[in-house]
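Remarks on the overall topology
Below, each chain spelled out in residue letters.
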2 protein chains.
Amino acid sequence: MAAWGERLAGVRGVLLDISGVLYDGGEGGGAPIPGSVEALARLKRSQLKVRFCTNESQKSRGDLVGMLRRLGFDISEGEVTAPAPATCLILKERGLRPHLLIHDGVRSEFDQIDTSNPNCVVIADAGDGFSYQNMNKAFQVLMELENPVLFSLGKGRYYKETSGLMLDVGPYTKALEYACGIEAEVVGKPSPEFFKSALREMRVEAHQAIMIGDDIVGDVSGAQRCGMRALQVRTGKFSTRDPILAPRPGIEPTPPAVEAQSLNHWTAREVPPF
Amino acid sequence: MAAWGERLAGVRGVLLDISGVLYDGGEGGGAPIPGSVEALARLKRSQLKVRFCTNESQKSRGDLVGMLRRLGFDISEGEVTAPAPATCLILKERGLRPHLLIHDGVRSEFDQIDTSNPNCVVIADAGDGFSYQNMNKAFQVLMELENPVLFSLGKGRYYKETSGLMLDVGPYTKALEYACGIEAEVVGKPSPEFFKSALREMRVEAHQAIMIGDDIVGDVSGAQRCGMRALQVRTGKFSTRDPILAPRPGIEPTPPAVEAQSLNHWTAREVPPF
């Protein structure tokens, strides 16, 4: 761990995952991970640029930022790269009208999108909205299309809430892929396009950036494939089984650059005081 | 089609799929496929042995047979090979206690199974029981096991009800496989063990048997891999897109031996009168 000074050489920007790094979601909005409010404040006082790169797709950016601000975090909507707005851009560019299998909390992000006579499906972390009826409806829409197109907002396997591990959108995307014999287009981590858009918005090159997250695949391996450095915190969904799971399906074996215990643990040691 | 006499040479037994071949399920129990009641009667009057090989996992064998008899079919419980009883045998042999993600209609098949302190998960076609909460519970049970074991009763992608196509168990199995980084053990078609048990029960060798079904993967390709002949009816979930879908993920490209239009169409031409 002593070599961190060298490992950080040339880093100008930090991309932060949100769930599992800043807070764990759950009943009543969830709870900050101990020390993370202070850690973010320390980062913002430093010379480093900071941006948030999340696969959160249950909430609009506005609701997410409002909730985080109430928990004490220094964050604004313009600092967040999230998959729902990125998806809307793609839908508009390609003239697509989605059937939305999404959580009501994120529906407002799609207010300007034409959803009549759908010619594609957008799946996000719908939570309890992943009923059999809703999944079957999305399946039927896809099966009726000549060229079925499915957008998946991230492909995370699960995330951690205060009450325990929760299925994320990824398993449900796999379900529709198998049912229809298709492959989804992922909008969100670990898609390289998504990381690149976050870097553009932060105005930092990949080799000057470090991604900090709790997901060995979506955050760490994805960022490394884009030429970034990456760090896995031991909070959120982090599990000591992560390395054991490495050779299994869906898990790339790329190791993290280094492991921290929490964002607070890392910033307290590694981020120079301003 | 004129060559069918040769193609049937040496056939002594017929394995019949049920859903999509005899009837389409749906509101009020579903409806027989036109002519199939008479076709089954014709088969039973012939010299051929007849057995039913189904992946039905929403209903107990007793309920399934009762429903089919009410629709007019000549069928008894002892003639049916189904995945729930086969799974119970495996659970007992291996001393496993399942968490059951199944439809209430099939629960009675597991009456004699110890489900306390589960050390595996059994997933079947739960229909509306595939709520987010139920899926998440099965996921959590698997994640807490040192060596997660998942049994899937078939792996069908979808089936046809009178109201349209419906997601089968396969997509939900894929979801849990991806979430947990594991591979399920399939009990049911196209598992070779399952076909072999049906052949044993019919007392016919694979090369003396023909499988008739509507699923190009579960029925046709699976039976052919066991050394049987196979025939795809153009009823149930059969789609003219089946051949187009062939190179896609999850679909083996094995062609059917020949295609019929319905069980009635086939028996009327090919099964000699008694």
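Structure shown above.
Residues numbered from 1 in each chain as written. Chains lettered and ligands numbered in written order. Predicted model: local features only at pLDDT ≥ 70, side-chain atom pairs only at ≥ 80, totals over all residues. Heavy atoms only, no water.

Residues and elements named next belong to chain B. Within the open sheet, the 4 strands sit side by side as β6-β7-β8-β11. Their pairing is parallel. Edge positions in the sheet fall to β6 (98–101) and β11 (185–187), since each of these pairs with one other strand and no more. Between one strand axis and the next, the sheet turns through 25 degrees on average, direction left out of account. Both β6 and strand β7 (residues 120–123) contribute to a ladder of 4 bridges, which runs parallel. Considered in β7, the bridge of L100 is made with V122. (Pairing = 2+ DSSP bridges. Helix = DSSP H or I, 4+ residues; strand = E, 2+ residues; numbered from the N terminus. Axes fitted to C-alpha atoms, helices over the stretch in contact; angles between N-to-C directions.)

This brings us to the interface of chain A and chain B. At the junction of the two partners, chain A supplies 37 residues and chain B supplies 37 residues. Counting the surface lost from both chain A and chain B, the interface buries some 3,300 Å², and carbon and sulfur atoms represent 60% of this. In this assembly, chain A and chain B are joined by 0 salt bridges. Seen at the junction of chain A and chain B, the total is 12 residue pairs in polar contact (both at pLDDT 80 or more). For the side of chain A that touches chain B, the secondary-structure elements that each account for two or more residues are α5 (132–144), β9 (158–161), β10 (164–167) and α6 (169–180) of chain A. Counting residues per element, the side of chain A that touches chain B draws most heavily on α6 of chain A, at 8 residues. When the residues that make up the side of chain A that touches chain B are grouped by side-chain class, the tally is 21 nonpolar, 9 polar and 7 charged. (Contact = heavy atoms within 4.5 Å. Buried area = accessible area lost by both parts, 1.4 Å probe. Salt bridge = Lys/Arg side-chain N within 4 Å of Asp/Glu carboxyl O. Polar contact = N/O pair within 3.5 Å; in protein donor to acceptor, adjacent residues only side chain to side chain. Nonpolar A, V, L, I, M, F, W, Y, C, P; charged D, E, K, R; others polar.)

Here we come to the pattern of salt bridges. Taken as a whole, this structure holds 22 salt bridges over all chains when the rule is applied. For D74 of chain A, the salt bridge goes to K44 of chain A, with nearest N and O atoms at 3.6 Å. Of this pair, D74 of chain A sits in the loop between α3 (61–70) and β5 (80–81) while K44 of chain A sits in helix α2 (residues 36–45), placing them 30 residues apart in sequence. Note that D219 of chain B and K189 of chain B form a salt bridge whose closest N and O atoms lie 2.8 Å from each other. Linking D219 of chain B in helix α8 (residues 216–225) with K189 of chain B in the loop between β11 and α7 (192–202), this pair joins segments that are 30 residues apart in sequence. The same class applies to D219 of chain B and to K189 of chain B, which are both buried. Counted as one network, the salt bridges with shared partners bring together D17, K189 and D219 of chain A. (Buried < 20%, exposed > 50% of the residue type's maximum accessible area, 1.4 Å probe, protein only.)

By a simple turn and slide, chain A fits onto chain B: the slide is 0.0 Å along the axis, the RMSD is 0.0 Å, and the turn is 180 degrees. Taken together, the turn and the small shift mark the pair as related by a two-fold rotation axis. Comparing contact sets, 100% of the residues at the interface of chain A also lie at the interface in chain B, consistent with an isologous, same-surface contact. (Least-squares fit on C-alpha atoms with pLDDT ≥ 70 in both.)

Residue and element names in this part refer to chain A. The 4 strands are arranged β6-β7-β8-β11 in an open sheet whose pairing can be described as parallel. Since the sheet does not close on itself, it has two edges, and those belong to β6 (98–101) and β11 (185–187), each with one partner. On average, each strand axis in the sheet is inclined to that of its neighbour by 25 degrees, with strand direction left out of account. Here 3 bridges tie strand β8 (residues 150–153) to β11, and the two strands are oriented parallel to one another. Bridged to F151 within β11 is E185. The strands touched by α5 are β6, β7 (120–123) and β8; relative to β6, the strand with the most contacts, the crossing angle is about 160 degrees.

Let us now look at α3 of chain A. All names here are of chain A. Listing the buried residues of α3 in full gives L64, V65, M67 and L68. Along the axis of α3, the buried residues cluster in a sector spanning 160 degrees; they form a single face. Among the residues trailing α3, G72 stands out with phi positive, at a value near 110 degrees. (Arc of directions from axis to C-beta.)

Residues and elements named next belong to chain A. Mapped onto the elements of the fold, N147 is located in the loop between α5 and β8. Under the relative-accessibility criterion, N147 is labelled exposed at 60%. Taking the C-alpha atoms as reference, N147 lies 48 Å from T267; in sequence the two are 120 residues apart.

Once that is clear, we can look at the packing of aromatic side chains. Considering all chains together, one arrives at 8 aromatic pairs over all chains under this definition. On the basis of an interplanar angle of 35 degrees and a centroid distance of 6.4 Å, the ring pair of Y132 of chain A and F130 of chain B is categorised as tilted. With Y132 of chain A in helix α5 and F130 of chain B in the loop between β7 and α5 (132–144), the pair connects residues from two separate chains. Residue Y132 of chain A is classed as buried on the basis of its relative accessible area, which comes to 4%. Judged by relative accessible area, F130 of chain B falls into the buried class, the value being 0%. For the pair Y172 of chain A and Y132 of chain B, a centre-to-centre distance of 6.3 Å together with 35 degrees between the ring planes defines the contact as tilted. In this pair, Y172 of chain A is assigned in helix α6 and Y132 of chain B in helix α5, connecting two distinct chains. (Phe/Tyr/Trp six-rings, centres within 6.5 Å; stacked < 30°, edge-to-face > 60°.)

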